[in-house]
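Structural features, examined
If you want the building blocks of each chain, they are given just below.
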Amino acid sequence: MCILCDKGFPQSHAGSQLGRRDFLKTTAAGGAAAGLGLFAARPAAAQGDDAPEDSGGRGRRYIIRGGAVMTMDPSMPNKGEFAQADVLVEGKKIVAVGPNLHAGGAAEIDARGKIVMPGFIDTHHHQFETALRSFLADGVLINDGSGSVAGSTTYFEFILLTFAPKYRPHDVYISELFGGLAQLDDGVTTVHDVSQIHHSPQHSDAAIQALFDTGRRAAFGYFESAGGVAGNQYPFDAPRIKKQWFSSSDQLVHMIMGGEVYLGNQSTDDSWRIGRDLGLQVAAHILSPFGIRPIFDSLAAGTGGNGNTGMRGDNLFIHMTGMSDTAWQRVKDVGAQVSIAFPIEMNMRHGMPPIVRMQMMGMEPSRSTDVEVTMTADFFTQMRVAMNLQRVVVNQMILDSPNGNQNLPDPRNWELPQTAVQVPGPFPFWPTPPAGVPAPLTTRDVLRYATINGAKALRLEGKTGTLTPGKEADIVILDATAINVAPVNNVPGAVVSLMDRTNVETVIVAGKVRKWKGKLLDVDLNNLRRQLENSRDFIFNAANIPADLRGPFGKQ
């Protein structure tokens, strides 16, 4: 079942769903020393410093005491926000939330001075690209003919067409595992892994196994084989994958069908039909640079594919940049979900992230990190960028409103006209916001996008996204006593505007403690990193791309 175990490197899978029996069986078969594994035994801790024993196990109880709790569930008392409260967990579920809970003999986690909230949810992340991190930090989507560093070192040509076809199943596994653990360390407890690396069934199985082995909640996005590698079985391997890996609804990992609409009508028909026959969500990248707008209009009209593929509430659309008013209205009418990747869209020329349009239509997005070849998958960065982008647009709309906002379509001058209209009062260029302009995003807004909206986007709102009794315990405990945060005067403001990965002290997935007091449990990161570096070296050599720490080809 495990790629590395099969290669003679036995894994303990302490944080996964494989279990000890499978690990011992693989160790005996491989005959290799356990010290070669990527997962390590939990280091000894001082008395009283251990995480609750067997957390997440049936009947196991512990209580998180005295933290500032943001449940993200406005239907709860105090609209789900408590200056100081407790969270009681039994097995994998939340039992109660509130001040001064009675917990009998339950183990205790001291959360005084900490912020307790749901784990973050990333609804679009290409984890197979972890070995290529930062390669495209200066690049854009498609070669633009300019000869510039950005315009010639591009995602489509290099990541999808040059590197991706060279991946072996082992390369898929190690990138998926390392990238998943990195986000788990960051407090991202759920991911939609948009996997475009399905050159063979073995590649698909490697990606799925890594998601299970990471030990966090995930949606496996079964997308195409990047580069169209000969022998790939997309999308027709989907029924086998669903039956083999996702026959149970009571597991951390489930499946989403990828159905890119720019691959041609037949591919759209096949992928969307198979996904819907299997009862899966159907997801697709929707952005104007790939010529998708007229295709998307056909889908909105119900004439997409070969004439019988249309939008439904089971769709998850990623980016949604540059689409028509008619298509947007159809997305809203059918109740499809939208995932926005603010930093990537801004950096890689996808088009303006459509947050203001969504607000004006009464819609809200989920958040996605997209690709680490260009930008970090850190969710604190994601939240800040989302808030800053929306606010710069809306604030300028307000400032320009007395002048009719006539400059907004012209990106060369979004500032005041040379002869600007003044408004009454002591600040002649500080108008009252006019009707129809959305309010600036708040820290609570972007936290909602990052938690419950993500759960809704992945059809997981019954399990996660809020700290509601009865849901599974996907929880992060954030250190608010740290030098970059203290003193706290605004809890949601502290999380969004001040915190970073170093403040993520404890991470819990389905009741199981995965990160404790700042350290991932049961993981040998040094060994993992060596495996990832070896994989990186193979991919670069196979693609005949020189490795140069100055950047692609040493360009300045």
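Counting of residues starts from 1 at the beginning of each chain's written sequence and follows it residue by residue. Only residues with pLDDT of at least 70 get local features here, since the model is predicted, and only at 80 or more are side-chain atom pairs given and counted; chain-wide, interface and lining totals rely on the full set of residues. Only hydrogens and water are set aside when side-chain values are computed; all heavy atoms of the structure are taken into account.

Tracing the sequence through the fold places Met 323 in the loop between strand S11 (315-321) and helix H10 (325-334). We call two residues in contact whenever any of their non-hydrogen atoms come within 4.5 Å of each other. Sequence-distant contacts of Met 323, defined by excluding residues within four places in its chain, comprise Ile 286, Leu 287, Ser 288, Ile 292, Arg 293, Phe 296, Trp 328 and Arg 357. Comment: elements are numbered from the N terminus, with helices defined as DSSP H or I runs of at least four residues and strands as E runs of at least two.

What follows deals with the sheet that holds strand S7 (residues 188-195). The pairing criterion is simple: DSSP has to find at least two bridges between the two strands. Read from one edge to the other, the open sheet built from 8 strands follows the order S6-S7-S8-S9-S10-S11-S12-S13, with strand pairing classed as parallel. For this open sheet the edge positions go to strand S6 (120-125) and strand S13 (366-367), each flanked by a neighbour on one side alone. Here S6 pairs with S7 via 4 bridges, running parallel. Each bridged residue has a counterpart across the sheet, and for His 125 the counterpart in S7 is Asp 193. Simply put, an axis is a line fit to the C-alpha atoms, just over the touching stretch for a helix, and the angle between two N-to-C directions goes from 0 to 180 degrees. On top of the sheet, helix H7 (residues 238-245) reaches strand S8 (217-222) and strand S9 (253-258); it is set at about 170° to S9, its chief contact.

As a further point, take the packing of aromatic side chains. Side-chain rings of Phe, Tyr and Trp, where Trp is taken by its six-membered ring, are said to pair if the distance between their centres is within 6.5 Å; with planes under 30 degrees apart they count as stacked, over 60 as edge-to-face, and otherwise as tilted. According to the stated counting rule, one finds 15 aromatic pairs in the structure shown. Ring geometry for Phe 120 against Phe 379: centres 5.7 Å apart, planes inclined by 25°, an arrangement best described as stacked. Placement of Phe 120 in strand S6 and of Phe 379 in helix H13 (residues 379-400) is noted, with a sequence separation of 259 residues between them. Residues Phe 128 and Tyr 167 carry aromatic rings whose centres are separated by 5.7 Å and whose planes lie at 75° to one another, so their mutual orientation is edge-to-face. Residue Phe 128 is located in the loop between S6 and helix H3 (149-152), and its partner Tyr 167 is located in the loop between helix H4 (155-163) and helix H5 (169-185); the two are separated by 39 residues in the primary sequence. The same class applies to Phe 128 and to Tyr 167, which are both buried. Among the aromatic residues, those joined into a ring-pair cluster are Phe 212, Phe 220, Tyr 222, Tyr 234, Trp 245 and Phe 246. When a residue's accessible area, from a 1.4 Å probe over protein chains only, is under 20% of the maximum for its type it is buried; when over 50% it is exposed; and in between it is partly exposed.

Turning next to the pairing of strand S5 (residues 114-118). Of all 5 residues that make up S5, 5 are buried, and the element is covered over most of its length. One ladder, built from 2 bridges, connects strand S1 (residues 61-70) with S5; its direction is parallel. The partner of Ala 68 across the bridge, within S5, is Ile 115. The pairing of S5 with strand S14 (residues 475-479) spans 5 bridges and is antiparallel. Of the residues in S14, the one forming a bridge with Val 116 is Ile 477.

Attention shifts here to the nonpolar core. Within this scheme, the nonpolar core is defined by two criteria: the residues are buried Ala, Val, Leu, Ile, Met, Phe, Trp, Tyr or Cys, and they are joined through side-chain atoms within 4.5 Å. Within the largest apolar cluster, 117 residues are counted, with the highest numbers of intra-cluster contacts made by Phe 220, Phe 296 and Val 495. For this core, the leading source of residues is H13, giving 10 residues. Listed in part, the 22 residues of the second largest apolar core include Ala 51, Val 69, Ala 111 and Val 513.

Below, the discussion takes up helix H17 (residues 525-543). One turn of the α-helix equals 3.6 residues, which is why residues spaced by three or four share an orientation. A helix is expected to span 1.5 Å for every residue after the first. With 19 residues, H17 extends 27 Å from end C-alpha to end C-alpha; this agrees with the ideal 27 Å at 1.5 Å per step. Among all positions of H17, only Asn 527, Leu 528, Gln 531, Leu 532, Ser 535, Ile 539, Phe 540 and Ala 543 are buried. On the buried face of H17, the contacting elements are H4 and H5. Where H17 terminates, the next one or two residues include Asn 544, which has phi positive at roughly 60°.

Two side chains carrying opposite charge are able to pair once their charged atoms lie near each other. We count a salt bridge whenever a side-chain nitrogen from Lys or Arg sits within 4 Å of a carboxyl oxygen from Asp or Glu. Scanning the model with the defined rule gives 25 salt bridges in all. The partner of Lys 92 in a salt bridge is Asp 250, and the shortest N-O contact between them spans 2.7 Å. A residue pair is termed long-range when its members are at least 10 positions apart, and Lys 92 in the loop between strand S2 (81-90) and strand S3 (93-98) and Asp 250 in the loop between H7 and S9 qualify at 158 residues. In this structure Lys 92 comes out as partly exposed when scored by relative accessible area, which is 26%. For Asp 250, a relative accessible area of 52% corresponds to the exposed category. Note that Arg 448 is salt-bridged to Asp 445, the shortest N-O span being 2.9 Å. With Arg 448 and Asp 445 both in helix H14 (residues 443-450), this residue pair falls 3 residues apart, about one helical turn. Within the structure, one salt-bridge network assembled from shared partners comprises Lys 92, Arg 217, Asp 250, Glu 472 and Asp 474.

So, about the environment of Ala 284. Relative to the helices and strands, Ala 284 resides in strand S10 (residues 282-287). Overall, Ala 284 belongs to the buried group, its relative accessible area being 0%. Remark: the alpha-carbon pair of Ala 284 and Ile 318, spanning 34 residues in sequence, is separated by 6.1 Å. Setting aside chain neighbours within four positions, we find Ala 284 in contact with Phe 223, Gly 259, Glu 260, Leu 316, Phe 317 and Ile 318.

What follows deals with helix H8 (residues 265-277). Helix length check: H8 (13 residues) gives 18 Å between terminal C-alpha atoms against 18 Å at 1.5 Å per residue, within 8%. Those residues of H8 not exposed but buried are Ser 267, Thr 268, Asp 269, Asp 270, Ser 271, Trp 272, Ile 274, Gly 275 and Arg 276. Buried residues along H8 sit in contact with H7, S9, S10, helix H9 (293-301) and S11. Positioned one or two residues after H8, Gly 279 has a phi angle of 75°, which is positive.

Moving on to the confidence of the model for the chain. Averaged over all residues, the pLDDT of the chain is 89; the fraction at 70 or higher stands at 88%. Confidence scores per residue from the predictor, reported as pLDDT, run from 0 to 100. Below a pLDDT of 50 lies the segment residues 7-37, which in the model reaches 49 contacts outside its immediate sequence neighbourhood of four places, other chains included. Below pLDDT 50 for its whole length, residues 41-47 participates in 5 contacts with residues either more than four positions away or in separate chains.

Turning to unusual backbone geometry, a few remarks are in order. Cis rather than trans, the peptide bond between Tyr 234 and Pro 235 has omega equal to -5°. The omega torsion across Ala 486 and Pro 487 is -5°, close enough to zero to call that bond cis. Looking at where Pro 487 falls in the secondary structure, it is placed in the loop between S14 and helix H16 (491-498). A positive phi is found at Asp 370, a non-glycine position, where the angle reads about 70°. If you trace the backbone, Asp 370 turns up in the loop between S13 and H13.

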